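Summary of the model geometry
Each chain, letter by letter, is given below.
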Amino acid sequence: MLTLRKASDRGAANHGWLKSFHTFSFASYRNPKEQGFSDLLVINDDRVAAGKGFGQHPHRDMEIFSYVLEGALEHKDTLGTGSVIRPGDVQLMSAGSGVAHSEFNHSATRPVHFLQIWIVPELSGAKPRYQQEHFSTQKKRGRLQLIISPEGTQGSLKVRQDARVYAGLIDGKESASLELGANRYAYVHVARGSVELNGVPLQEGDGVRVRDEQLLTLSKGVDAEVLVFDLRPQELPQMP
């Protein structure tokens, strides 16, 4: 079963320096029907103006990763990490027992467009950690590349949850498939472009909840960049 979440139905916030779309309930956007899916809690589609960003703020007991689509994102945290994330890079910060970080547009002239995604961890109070890895266009072209997993296989980043994240680039006659385990859920997010999922047309910003499907096939892409989340079969509790 595929349940479509249209891009136009997402929550939206415009702070001038920040334009953000919220797939699930976040900050001032509250939708009782959109409280996350399995352990996937947040997908924020953020565009930050040149030279602007999020000042230092704390997190705990959350797996937070950033996926840059255009521009460059500068990260600093209380673990002593300082880095710049560019297209192809995946950054994963495990907040654990507590960490504070800032995220700024690295450029003084160009905007940055990125996704920030939160996954609920399987344990609380773990030691905070930071990971970053680059996944080339070649690795994602016409296929689904594993970028996040519990085991860190295929060079993926290690997440503290039974969740796997794949990234793919689909264009023209290219297609990519993912076989799901028995009773697994999945969530598909179109980061940009357009594509078909099991024959269902999707546009940029669209998302799909997947239940009771064994095979996911992405095809007929037009400059599409897609994230696929392989998730436990459960629903999240309501956000406070």
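The notes below deal with the structure included here. (Residues numbered from 1 in each chain as written. Predicted model: local features only at pLDDT ≥ 70, side-chain atom pairs only at ≥ 80, totals over all residues. Heavy atoms only, no water.)

Time to look at the pattern of salt bridges. Under the definition given, this model contains 15 salt bridges. Ionic pairing is found between R47 and E204, a salt bridge with its closest N-O pair at 3.6 Å. On the criterion of sequence distance, the pair formed by R47 in strand β4 (residues 40-48) and E204 in the loop between β18 (200-202) and β19 (207-210) is long-range, its members being 157 residues apart. Judged by relative accessible area, R47 falls into the partly exposed class, the value being 30%. (Salt bridge = Lys/Arg side-chain N within 4 Å of Asp/Glu carboxyl O. Helix = DSSP H or I, 4+ residues; strand = E, 2+ residues; numbered from the N terminus. Buried < 20%, exposed > 50% of the residue type's maximum accessible area, 1.4 Å probe, protein only.)

Membership of the largest hydrophobic core comes to 26 residues, with the highest contact counts inside it found for L40, F65, Y67, I147 and F229. Looking at this core, the elements that each hand over two or more residues are β4, β6 (63-70), β9 (89-94), β11 (112-119), β13 (144-149), β15 (164-170), β17 (185-197) and β20 (215-231). Residues contacting I147, with those up to four places away along its chain left out, are Y67, V90, F135, S156, L157, V165, Y166, A167 and L227. (Core = buried A, V, L, I, M, F, W, Y, C linked by side-chain atoms within 4.5 Å. Contact = heavy atoms within 4.5 Å.)

Taking strand neighbours across the sheet as the criterion, the four strands line up as β5-β10-β7-β8 in an open arrangement whose pairing is antiparallel. Whereas interior strands pair on both sides, the edge strands pair on one side only; in this sheet they are β5 (53-59) and β8 (82-85). Direction aside, the axes of adjacent strands within the sheet are offset by 20° on average. (Pairing = 2+ DSSP bridges. Axes fitted to C-alpha atoms, helices over the stretch in contact; angles between N-to-C directions.)

Looking at the element boundaries, N105 is found in strand β10 (residues 99-105). You can call N105 buried: its relative accessible area is 5%. A distance of 3.2 Å separates a polar atom in the side chain of N105 from the backbone oxygen of A49. A distance of 2.7 Å separates a polar side-chain atom of N105 from the backbone oxygen of R110. What N105 contacts, discounting residues up to four positions off in sequence, is V48, A49, A50, G51, K52, A72, R110, P111 and V112. (Polar contact = N/O pair within 3.5 Å; in protein donor to acceptor, adjacent residues only side chain to side chain.)

Another aspect to go through is the environment of A13. Counting through the fold element by element, A13 comes out in strand β2 (residues 11-14). According to the relative accessible area criterion, A13 is buried, its value standing at 18%. In the structure, A13 is positioned 16 residues away from Y29 in sequence and 8.3 Å away in space, judged by C-alpha atoms.

Another point: unusual backbone geometry. Here D61, not a glycine, exhibits a phi torsion of approximately 50°, which is positive. Along the chain, D61 falls in the loop between β5 and β6. Here N183, not a glycine, exhibits a phi torsion of approximately 65°, which is positive. When you line up the elements, N183 lands in the loop between β16 (176-179) and β17. Owing to a relative accessible area of 59%, N183 belongs among the exposed residues under this scheme.

A regular strand places its side chains so that they alternate between the two faces of the sheet. Burial of the side chains of β2 is restricted to one face: G11 and A13 are buried, whereas none of A12 and N14 on the reverse face is. Here four bridges tie β2 to strand β3 (residues 18-22), and the two strands are oriented antiparallel to one another. Directly across from A12, in β3, lies its bridge partner F21. Between the antiparallel neighbours β2 and β3 lie three residues, among them G16 with a positive phi of about 85°.

Now for the packing of aromatic side chains. Evaluation of the coordinates by the stated rule reveals six aromatic pairs. Summarising the aromatic geometry, the rings of F37 and Y185 are spaced 5.0 Å apart at their centres and angled 5° between planes, so their arrangement reads as stacked. Highlighted residues: F37 in the loop between β3 and β4 and Y185 in strand β17, separated in sequence by 148 residues. Side by side, F37 and Y185 carry an identical accessibility label, which is buried. Of the aromatic side chains, those joined through ring pairs into one cluster are F24, F37, Y185 and Y187. Sitting above the plane of the Y185 ring, R211 keeps its charged end 5.4 Å from the centroid. (Phe/Tyr/Trp six-rings, centres within 6.5 Å; stacked < 30°, edge-to-face > 60°. Lys NZ or Arg CZ within 6 Å of the ring centre and 35° of its normal.)

With that settled, consider the layout of surface pockets. There is about 230 Å³ of room inside the largest pocket. The wall of the largest pocket is formed by 18 residues, among which L18, F26, N44, D46 and F54 lie closest to the centre. Sorting the residues of the lining of the largest pocket by element identifies β2, β3, β4, β5 and β11 as the ones contributing at least two each. Residues belonging to the lining of the largest pocket are distributed by class as follows: eight nonpolar, eight polar and two charged. (1 Å grid on protein atoms, 1.4 Å probe; cavity = no way out; pocket = protein on both sides within 12 Å on 5 of 7 lines; lining within 4 Å. Points joined across faces, edges and corners; volume = space filled by probe spheres on them. Nonpolar A, V, L, I, M, F, W, Y, C, P; charged D, E, K, R; others polar.)

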